[in-house]
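# Structure assessment
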Amino acid sequence: MKGGFLRSVAELHSEKFGSSVSDFCFIFPNRRSSLFFANYLGKSSNRAIFSPKLITIDELFNSLSGLKMVSKVEALYLLFKEFERLSNSEESFDDFISWGDMLINDFDDLDKYLADPKQLFSNITDLHQIDDSYSYLTENQIDAIKEFWSNFLPDEKKSQSKGKFRATWEILYPLYISFNKVLRDKGLGYQGMIYRDVIDKINEDSSIIKIAFPDIKRFVFVGLNALNNCEITLLKQLQSEKESFETDFYWDYYGEKIKDPINKSSLFMSKNVVDFPSQFQIKEYDIPEQNYSLYAVQSNTSQAKVVTKILEKIYSEDNDNYNFDNCAIILPDENLLLPLMNSIPKYIEKINVTMGSSIKNSSIYSLITSFAQLHSNSKANDTEYSFYWKDVIDIIDFPLFRKWVDFTQLKIRIVKDNIVYPNISLLNSYDDTNSGVFVKLDTWRDAANYLLTIIDKLQIISTSIEKEYLFYSYKTINQLQNLDIEMNVKTFFRLVKSLISSLSISFNGEPLCGLQIMGPLETRALDFDTLIILS
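In this report, the structure presented in the accompanying data block is examined. (Residues numbered from 1 in each chain as written. Predicted model: local features only at pLDDT ≥ 70, side-chain atom pairs only at ≥ 80, totals over all residues. Heavy atoms only, no water.)

## A few points about the pattern of salt bridges
- Under the counting rule described, the total for this entry stands at 18 salt bridges.
- A salt bridge links K283 to E15; its shortest N-O distance comes to 3.7 Å. Of the two residues, K283 sits in the loop between α15 (266-275) and α16 (300-317) while E15 sits in helix α1 (residues 5-17), which places them 268 residues apart along the sequence. The pair K283 / E15 is uniform in exposure class, with both members exposed.
- D197 serves as the salt-bridge partner of R184, at 2.9 Å between the closest nitrogen and oxygen. Taken as a pair, R184 in helix α10 (residues 172-185) and D197 in helix α11 (residues 191-204) lie far apart in primary sequence, 13 residues in all. (Salt bridge = Lys/Arg side-chain N within 4 Å of Asp/Glu carboxyl O. Helix = DSSP H or I, 4+ residues; strand = E, 2+ residues; numbered from the N terminus. Buried < 20%, exposed > 50% of the residue type's maximum accessible area, 1.4 Å probe, protein only.)

## Side note on the packing of aromatic side chains
- Per the counting criterion, the structure on display carries 36 aromatic pairs.
- Here the aromatic rings of F61 and Y195 are separated by 3.8 Å at their centres, their planes lie at 5 degrees, and the arrangement is stacked. In this pair, F61 is assigned in helix α3 (residues 57-64) and Y195 in helix α11, connecting sequence segments 134 residues apart. Across the pair, exposure class does not vary: F61 and Y195 are buried alike.
- Taking 5.1 Å as the distance between ring centres and 80 degrees as the angle between the ring planes, the aromatic pair formed by F83 and W99 counts as edge-to-face. Of this pair, F83 sits in helix α4 (residues 72-87) while W99 sits in helix α5 (residues 93-112), and the two are 16 residues apart along the sequence. (Phe/Tyr/Trp six-rings, centres within 6.5 Å; stacked < 30°, edge-to-face > 60°.)

## Topic: the packing of helix α18 (residues 363-376) against helix α23 (residues 444-459)
- Packing of α18 against α23 brings their axes to within 12 Å, and their N-to-C directions diverge by 145 degrees. Pair α18 / α23 crosses with right-handed handedness. Together, L367, F371, L374 and H375 of α18 and Y450, L451, I454 and L458 of α23 make up the contact between the two elements.
- Broken down by class, the residue content of the contact of α18 with α23 amounts to 7 nonpolar, 1 polar and no charged. (Axes fitted to C-alpha atoms, helices over the stretch in contact; angles between N-to-C directions. Left-handed = near helix turned anticlockwise from the far one by under 90°. Contact = heavy atoms within 4.5 Å. Nonpolar A, V, L, I, M, F, W, Y, C, P; charged D, E, K, R; others polar.)

## Here's the deal with helix α25 (residues 489-501)
- With 13 residues, α25 extends 18 Å from end C-alpha to end C-alpha; this agrees with the ideal 18 Å at 1.5 Å per step.
- Along α25, the residues classified as buried are V489, T491, F492, F493, L495, V496, L499, I500 and S501.
- Here the buried face of α25 lies against α4, α5, β8 (351-358), α18, α23 and α24 (464-480).
- Between the side-chain oxygen of the N-cap and the backbone nitrogen of K490 there are 3.2 Å, and the N-cap of α25 in question is N488. (Expected span 1.5 Å × (residues − 1). Polar contact = N/O pair within 3.5 Å; in protein donor to acceptor, adjacent residues only side chain to side chain.)

## Description of the state of the cysteines
- Tallied over the entire structure, the rule returns 0 disulfides.
- Distance from the sulfur of C230, which forms no disulfide, to the nearest cysteine sulfur (C25) is 18 Å.
- Assessed through its relative accessible area of 0%, C230 is described here as buried. (Disulfide = S-S within 2.5 Å.)

## A short note on the pairing of strand β1 (residues 24-28)
- Counting buried residues along β1, 5 of its 5 residues qualify, which places the element largely inside the surrounding structure.
- Residues F24, F26 and F28 line one face of β1 and the alternating positions C25 and I27 line the opposite face, and both faces are buried.
- Relative to strand β2 (residues 53-56), β1 is paired through 4 bridges, and the arrangement is parallel. When the sheet's bridge partners are listed, I27 is paired in β2 with I55.
- Each parallel crossover has a hand, and the one from β1 via helix α2 (residues 31-44) to β2 is right-handed. (Pairing = 2+ DSSP bridges. Right-handed = clockwise from strand over helix to strand, strands pointing away.)

As structure tokens, this is what we get:
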């Protein structure tokens, strides 16, 4: 696109400040927008300059906090240990994972919006307490809280599940406090905790910003949108600092449709423009006439096929010279990524994917699940160890596994002789590569090493996307080995499935060339000639 928001901001700073931009720090909503900006800034300068500091808003908070980001596995484990201690619950770690993950997300939101955890997780024992404790709320808000809590106040007629909810709610505040303390003692934090930590530090001593960025003369925020309370507080603090550095803001708030007050997407932007105005007016860029095409598709997977036809149409109409750098495919549903990748025409050689994709939707997760099933259904007696025939067939028929080991003759033998539980001796007699797939696992640590070894071997023969899934699976299993927890082999496999199924892989490619594939949040501050939006 000839114009565009980032290009206009880059040209403005190149024109106004020249080589002085080397002393600036530009903050963006994501890495992709910072790379586009760097490209535009380089093209807009008529001489060589040193690059300014380009970071994301998350990286800014991380730079100001002394805490490091905790891994998901460690966060869940530490939360589980604190929950176990406070509640005396006998709930297993693998049962805890699903709702423990939600609880960490709730803590994350609580901190980012600077909510009072004691007020939020207060223990209501009487409806009259609400009138006294929440006097600052509106009448409708108080009525809503009363309606919710009336279901959980002490009553012999209340169900056991509601009683369990109340018992859990009673420990949420002490759990939040103890979980934060354990993390802080280790120098770790989840994202919201890191955000709040920065705000607490700034409230005590605002000089930490200058200490963290001693050479920066100007902070420039570019293309942010819906700000949480921590971000608003930090921006206001930077805005008020006049002696140490200057601060400026630029918002992607152009065009009649975006500024239309009926359009709800303008809600945050209109407030941001007033609260954090720009020092300079960027050049208005022309938004070309927009043409829309709407396609009715019967299923999600079919959408990927329609995208292929759209790309082929674009390619043929432009006499094979269309620059796909200016074309983006937006995926609000990450489950469509793999079907889409398998449908991209071969003549589009460069493809950049920058979005998250759940491992649960991948073939790698299915394969790991098959290994878990194999050992969960195994049988042992005094003389031999055996596996259920269907679990064996599922693995040896798996496409990626077949690239590694060919068990065709084994499958023929099992089916022909109707062997329900083939033993290890029989299975390994057909294993010419000594793959070590069909072995007895005595402890969960044996099972962990077993999966790690298999993943290592599969990485050699996998595609680039499969390698990403395998890497994160390997990383998760490796982190499990560091946990001080006792379990049997079947529990370990259940735990692995729970953890891996909740992982989302962030693909990061080279956004300056090729067809762009991204999620909605990655589109912030960017402009393209052609957008294809699925789902």
